[in-house]
Amino acid sequence: MPPKKRTRSKSTRHDAQLCEGSDDVAQLKTGKRNRSAAVTSDVEKNKNDDAIKSSYSHWLMKSEPESRIENGVDVKFGIEDLKALPSQTGCWDGVRNYQARNFMRDMKVGQQAFFYHSNCKEPGIAGLMKIVKEAYVDHTQFDKKDVHYDPSSKADNPKWSMVDVQFERMTKRFIPLTELKKYHLQHKAKGGPLKDMALFTRARLSVQPLTSEEFDFVLSLENEDPI
DNA sequence: GCCAACGTTGGC
DNA sequence: GCCAACGTTGGC
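First, a word on scope: everything that follows refers to the structure included in this document. Residue positions are given per chain, counting from 1 as you read along its sequence in written order. Labels are handed out in written order, letters beginning with A for the chains and numbers beginning with 1 for the ligands. Where local features are concerned, this predicted model is filtered to residues with pLDDT of at least 70; where side-chain atom pairs are given and counted, the filter is 80 or more; whole-chain, interface and lining totals use all residues. Working from all heavy atoms in the structure, the side-chain values ignore hydrogens and water.

## Considering the overall build of chain A
Item 1. In this description a helix means any DSSP run of H or I spanning at least four residues, a strand means any run of E spanning at least two, and both kinds are numbered starting from the N terminus. Looking only at helices and strands, one finds 6 helices and 9 strands in chain A.
Item 2. Throughout, a residue-residue contact means that at least one pair of heavy atoms, one from each residue, lies within 4.5 Å. Counting contacts in chain A only where the partners sit at least 6 residues apart, residues at least 24 apart contribute 73% of the total.
Item 3. Accessible surface is estimated by sampling points in the Shrake-Rupley manner with a 1.4 Å probe; for residues, cover comes only from the protein chains shown. Carbon together with sulfur atoms contributes 51% to the accessible area of chain A, which is approximately 11600 Å² in total.

Next comes the structure, spelled out in structure tokens:
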């Protein structure tokens, strides 16, 4: 990979800010994962957490496709902007929420994610991308000029991570939030794959996991007429 | 542009 | 460690 060069396009507020993908940033060390196992129930709980975590295999990532100026910078970054990058690949920087960050740290190369358009005229799923590089240090946390500069993060113990994503394809049709919501309500009432979808149960989370069942159902909608 | 929901901060 | 105040998200 060439030396990293930010393509100053960007996405959602706390969500993600995209730049050209890069390999020249040190991999994030997961040095603090070993917890002392003083209490058996804690050990079991951690095992369960890990099992649940590793069961997530698909993702939904939000970004803003319409121009909006934040601290003097346009945060627009829609799926077309990802597609336009070299190798159609960018790093999903700018995530400043711990849960969203942790989900990114769980991502594995090759996994698929929905590209979700948020805070725009028509919110919804626009396409598919895949993870091409697992979590590493988000350099923008140290950049004073960056919208998502975090003065509390120290170089010897970075707080924030990002992954690289590559455009895969547009969905055959745009799948609007309103439609997903109808299914969610329907499934909540009578059962169905979207009854617990994070998009509705964890509305403000910018990086969210989907179960295979959720992912498959949402993807199947591209072959159906809108409801 | 409004504002409900909810995550974060900081005083105590 | 509680919780009120504050800030952000994101649909509408």
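## A few points about the protein's contact with DNA strand B
Item 1. It suffices for a single heavy atom of a residue to lie within 4 Å of a molecule or strand for the residue to be listed as near it. DNA strand B sits among Asn-97, Tyr-98, Arg-202 and Arg-204.
Item 2. Within the side chain of Arg-202, an N or O atom sits 3.2 Å from a phosphate oxygen of DNA strand B.
Item 3. The nonpolar class holds Ala, Val, Leu, Ile, Met, Phe, Trp, Tyr, Cys and Pro. Asp, Glu, Lys and Arg form the charged class, and all remaining residues, Gly among them, are polar. Per-class residue counts for the surface near DNA strand B are 1 nonpolar, 1 polar and 2 charged. Whenever a nitrogen or oxygen atom comes within 3.5 Å of another N or O atom, the pair is scored as a polar contact, on the condition that within protein one atom can donate a hydrogen and the other can accept it, and that pairs from neighbouring residues in sequence are kept only if both atoms are in side chains.

## Points about the nonpolar core
Item 1. Counting residues in each nonpolar core, the largest one holds 23 residues, and the members touching the most others are Met-61, Trp-92, Val-163 and Val-207.
Item 2. When residues of this core are traced back to their parent elements, those giving at least two are strand S2 (58-63), helix H2 (79-84), helix H3 (98-106), strand S6 (112-117), strand S7 (124-137) and strand S8 (161-176).
Item 3. The element that contributes the greatest number of residues to this core is S7, accounting for 4 residues.
Item 4. Membership of the second largest hydrophobic core comes to 18 residues, among which are Phe-114, Tyr-116, Phe-200 and Leu-210. Residues enter a nonpolar core if they are buried and are Ala, Val, Leu, Ile, Met, Phe, Trp, Tyr or Cys, with the set joined through side-chain atoms within 4.5 Å. Exposure classes here rest on a 1.4 Å probe applied to the protein chains alone. A residue is buried below 20% of its type maximum, exposed above 50%, and partly exposed in between.

## Structural notes on the packing of aromatic side chains
Item 1. Pairs were defined over the aromatic rings of Phe, Tyr and Trp, the Trp ring being its six-membered one, requiring ring centres within 6.5 Å. Orientation was assigned from the angle between planes: stacked under 30 degrees, edge-to-face over 60, tilted for the rest. Going through the model one piece at a time under the given rule, you end up with 8 aromatic pairs.
Item 2. Their ring planes at 75 degrees and their centres at 5.2 Å tell us that Tyr-183 and Phe-217 sit as a pair that is edge-to-face. A residue pair is termed long-range when its members are at least 10 positions apart, and Tyr-183 in helix H4 (residues 177-190) and Phe-217 in helix H6 (residues 212-220) qualify at 34 residues.
Item 3. A connected cluster of aromatic rings, assembled from ring pairs, spans Tyr-56, Trp-59 and Phe-103.

## Observations regarding H4
Item 1. The first and last C-alpha atoms of H4 sit 20 Å apart over 14 residues, in line with the 20 Å expected at 1.5 Å per residue.
Item 2. Within the sequence span of H4, burial applies to Glu-179, Leu-180, Tyr-183, His-184 and His-187. The buried residues of H4 occupy one face: seen down the axis, they fall within an arc of 140 degrees. Facing away from the buried surface of H4 by more than 90 degrees, the exposed residues are Thr-178, Lys-188 and Ala-189.
Item 3. Its buried side turned inward, H4 meets S7, S8, helix H5 (198-201) and H6. Expected helix span is taken as 1.5 Å per residue step, with the number of steps being one fewer than the number of residues. The arc in question is traced by the directions running from the helix axis to the C-beta atoms.

## Overview of unusual backbone geometry
Item 1. Backbone geometry places Ser-87, a non-glycine residue, at a positive phi of 60 degrees.
Item 2. Exposure remark for Ser-87: the relative accessible area of 54% places this residue in the exposed category.

## Some points on the pattern of salt bridges
Should the charged atoms of two oppositely charged side chains come close, the side chains can pair.
Item 1. What counts as a salt bridge is simple: a side-chain nitrogen of Lys or Arg found within 4 Å of a carboxyl oxygen of Asp or Glu. Counted under the stated rule, the structure contains 7 salt bridges.
Item 2. Close ionic contact of Arg-173 with Glu-179 constitutes a salt bridge, the shortest N to O distance being 2.7 Å. For the pair shown, Arg-173 and Glu-179 are each scored as buried.
Item 3. Lys-195 is the partner of Asp-196 in a salt bridge, and the nearest nitrogen-oxygen pair spans 3.2 Å.
Item 4. The exposure class assigned to Asp-196 is partly exposed, which follows from its relative accessible area of 48%.

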